[in-house]
Amino acid sequence: MSAPAPSQLANAIRFIAIDAIVRAAEGHQGVPLGMAEIATALYTRHLKFDPADPTWPDRDRVVLSNGHGSMLLYALLHLTGYERVTMEAIKTFRDLGSHCQGHPEFDPASGIEVTTGPLGQGIANAFGMAVAEAHLNARFGSALVDHFTYAFVGDGCLQEGIGQEMISLAGHLRLGKLVLLWDDNRITDDGSTALSISEDVAARFRVAGWHVVEVDGHDIEAVSSALAAAKLDPRPSLIACRTTIARGIARLQGQRGGHSARLYPEDADTARRDLEWPHAPFEVPAPVLRAWREAGRRSAAEHAAWQSRRDALVPTERAEFDRTVGGTLPPGWRQVLLDCKQRAVENAEAAEAAGGILISAEINDRLSAVLPERMVGCADLEAPTSHKRRLQAFTADDRGGAYVHCGVREHLMGAMANGMAAHGGVIPLAVTYLAFSDYERPAMRMAALMGLPVKFVFSHDSIGVGKNGPTHQPVEILASLRAMPNMLVLRPADAVEAAECWEIALEHRNGPVTLVFARQALPLVRRTHEAHNLSRRGAYVLAQAEGGPRQVTLLSTGSEVAIALQARDTLQAQGLPTAVVSMPCCERFDAQDGAYRESVLPPGGVRVAVEAAVRFGWDRYLGERGGFVGMTGFGASGAADALYRHFGIVPSAVVAEAKRLLQTLN
């Protein structure tokens, strides 16, 4: 029996997509129908993968950046033999609880490398994967790490600003194992791309130092030849595939409606006639399915050879490789942080002289020796954030470096970190000012959605920034980040809490962490060494009330904890038993059992929160008779100490608010 024609393999993708979208009564057919030949060339001739072991560390990575076309990926995963993506699962496309959701959701064991949907995030994730591969290749060698990252890309991905950031930095770093397959159909949801752009898109890549090939995206041989050339070129590659959107649906192909207009059974019937596909819905003829399954087994020998090379390593090297790609922390990392805590207490003067972000930088330095997998990305703020000091730069000529100079590209930096975390084998840090977290916000949200262990590190966290003024004073951002599901927000009060928060961040593996540090120097609020991590439960009583039952509870985070302690001294001196609660992580505190929460915040008395940010989010801890000392609007330009006085974030204001609230009890 002769093998089916390659066009039949592509049509299998088309009709699985058509049938699923017709059944769901919605979906985005433009991508799977327009990119079917492109995907066929990649998966049947070039991709290194093994559906029998979906998380093989040296597999090629595939990102569907135009994630609305998710049926392209689901069809490919089913056809090549991924166990979890059955035809029954495809029949539930877009249903509640389906494995085939409207957009691909992060599930490497099913062949879904990242969650995509917000356009541009996917190609930036792919960039991060390519960076991770290059770094791990330099560390462990090509025998263990030598794979490509491919991304299916639409016009929208390249129109988003993050797309240009990626094009620029990938070209600069000469990431030769990054290959984009562009669905150049010249249609977006609004209609022709001519409505909004007129530049030569491929030229943008060429001027940035990319290898560019322009082909007919419906010619499998041409696409395959372009892929072969891309794999040999030392530059990142763009394969610009000229396509017809929704190819095969006579009513919609090449038109605006091809993007996502509803498909009807009559459309499917016409397509079957036009493309000579005389098979029932969701039926793939045996010869075609057999050819696809053979494509899924194409890399089995290469996988076995890789496994033999890994098994032949000396035990210590094999253990270190397995530990690294498995995401297990090495022995000794926790002791480094314990030592940092003890050193801060024993050398209080030095600890208090350093700004909050410099304390984090010192911790980062000391972790370098025990965490070789840590990689830092920073957006042109090396000097004020200081997280490079013991690291070499990752460059086009030195892949062993662990510090990525991202330039002024925060959008890309956040999504790059997500791609690195999804790839595995590295612990990514993304470092910038807290005010600039808004540039990273889409990536931070995606990290939380995927549960990726990215460490977002921020400095300059409040009006303590000083004379740079309100543009750089993030009064509202803490509240907005705390509102994000599955995001831990950690704001330590001093060098001791900083080490504890780093411990929390490193051991947290099922979601991202935001570490927020002050620019200014921070006095120690913890002056005796305690091996136990008091910050781990989110909040704890830093100073107990003395002289009777607690009447006042002062809650605070970060640099304002010292202000709360000074206010406590005054209140205690006035005969008002006052406790101070440090709350470095609201999310961790909320997760504690009721008994612990009540031991920290018992009923009775009054509560006042102190934070150089807006009140939003604090009332759930303050109760009906709670007060707040903080910001009510944006900041101003001036010295930090002058700004704290100007906005009334001072001990006397805290004392006054507590006494006012106590009067309301009488």
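Residues numbered from 1 in each chain as written. Predicted model: local features only at pLDDT ≥ 70, side-chain atom pairs only at ≥ 80, totals over all residues. Heavy atoms only, no water.

Draft legend 1. Molecular detail of the state of the cysteines. Going through the model one piece at a time under the given rule, you end up with zero disulfides. Not engaged in a disulfide, the cysteine C340 finds its nearest cysteine sulfur in C501; these two sulfurs lie 13 Å apart. For C340, a relative accessible area of 9% puts it in the buried group. As a non-bridged cysteine, C585 has C586 as the owner of its nearest cysteine sulfur, 6.9 Å distant. (Disulfide = S-S within 2.5 Å. Buried < 20%, exposed > 50% of the residue type's maximum accessible area, 1.4 Å probe, protein only.)

Draft legend 2. The pairing of strand 7 (residues 237-242), seen in detail. Strand 7 sits mainly inside the fold: five of its six residues count as buried. Where strand 3 (residues 178-184) meets strand 7, six bridges bridge the pair, whose relative direction is parallel. Within strand 7, the position partnered with D183 by the bridge is C241. Crossover connection from strand 6 (residues 211-216) via helix 10 (residues 220-232) to parallel strand 7: handedness right-handed. (Helix = DSSP H or I, 4+ residues; strand = E, 2+ residues; numbered from the N terminus. Pairing = 2+ DSSP bridges. Right-handed = clockwise from strand over helix to strand, strands pointing away.)

Draft legend 3. Structural view of the pattern of salt bridges. One pass over the full model with this rule turns up 45 salt bridges. Residue K388 is joined to E382 by a salt bridge in which the shortest nitrogen-to-oxygen separation is 3.9 Å. Residue D590 is joined to R620 by a salt bridge in which the shortest nitrogen-to-oxygen separation is 3.3 Å. Linking D590 in helix 24 (residues 586-590) with R620 in helix 26 (residues 619-622), this pair joins segments that are 30 residues apart in sequence. Taken together, the shared-partner salt bridges in this structure form one network comprising D461, R482, R491, E560 and E611. (Salt bridge = Lys/Arg side-chain N within 4 Å of Asp/Glu carboxyl O.)

Draft legend 4. Inspection of the sheet that holds strand 7 at higher detail. Read from one edge to the other, the open sheet built from five strands follows the order 1-2-3-7-6, with strand pairing classed as parallel. Both edges of this open sheet fall to strand 1 (61-64) and strand 6, since each of them pairs with a single strand only. Strand-to-strand twist in this sheet, taken as the mean axis angle between neighbours without regard to direction, amounts to 15°. Of the pairings in the sheet, the one linking strand 2 (residues 149-153) to strand 3 comprises five bridges and is parallel in character. Within strand 3, the position partnered with V153 by the bridge is W182. Contacts from helix 6 (residues 121-140) reach strand 1, strand 2 and strand 3, with the element oriented near 170° to strand 2. (Axes fitted to C-alpha atoms, helices over the stretch in contact; angles between N-to-C directions. Contact = heavy atoms within 4.5 Å.)

Draft legend 5. Examining the sheet that holds strand 17 (residues 606-614) more closely. Read across the sheet, five strands follow the order 14-16-15-17-18 without closing on themselves; strand pairing throughout is mixed. Two strands lie at the open edges of the sheet, namely strand 14 (540-543) and strand 18 (626-631), each paired on one side alone. Adjacent strand axes in the sheet meet at a mean angle of 30°, parallel and antiparallel pairs treated alike. One ladder, built from three bridges, connects strand 14 with strand 16 (residues 578-582); its direction is antiparallel. If you follow A543 over to strand 16, its bridge partner there is V580.

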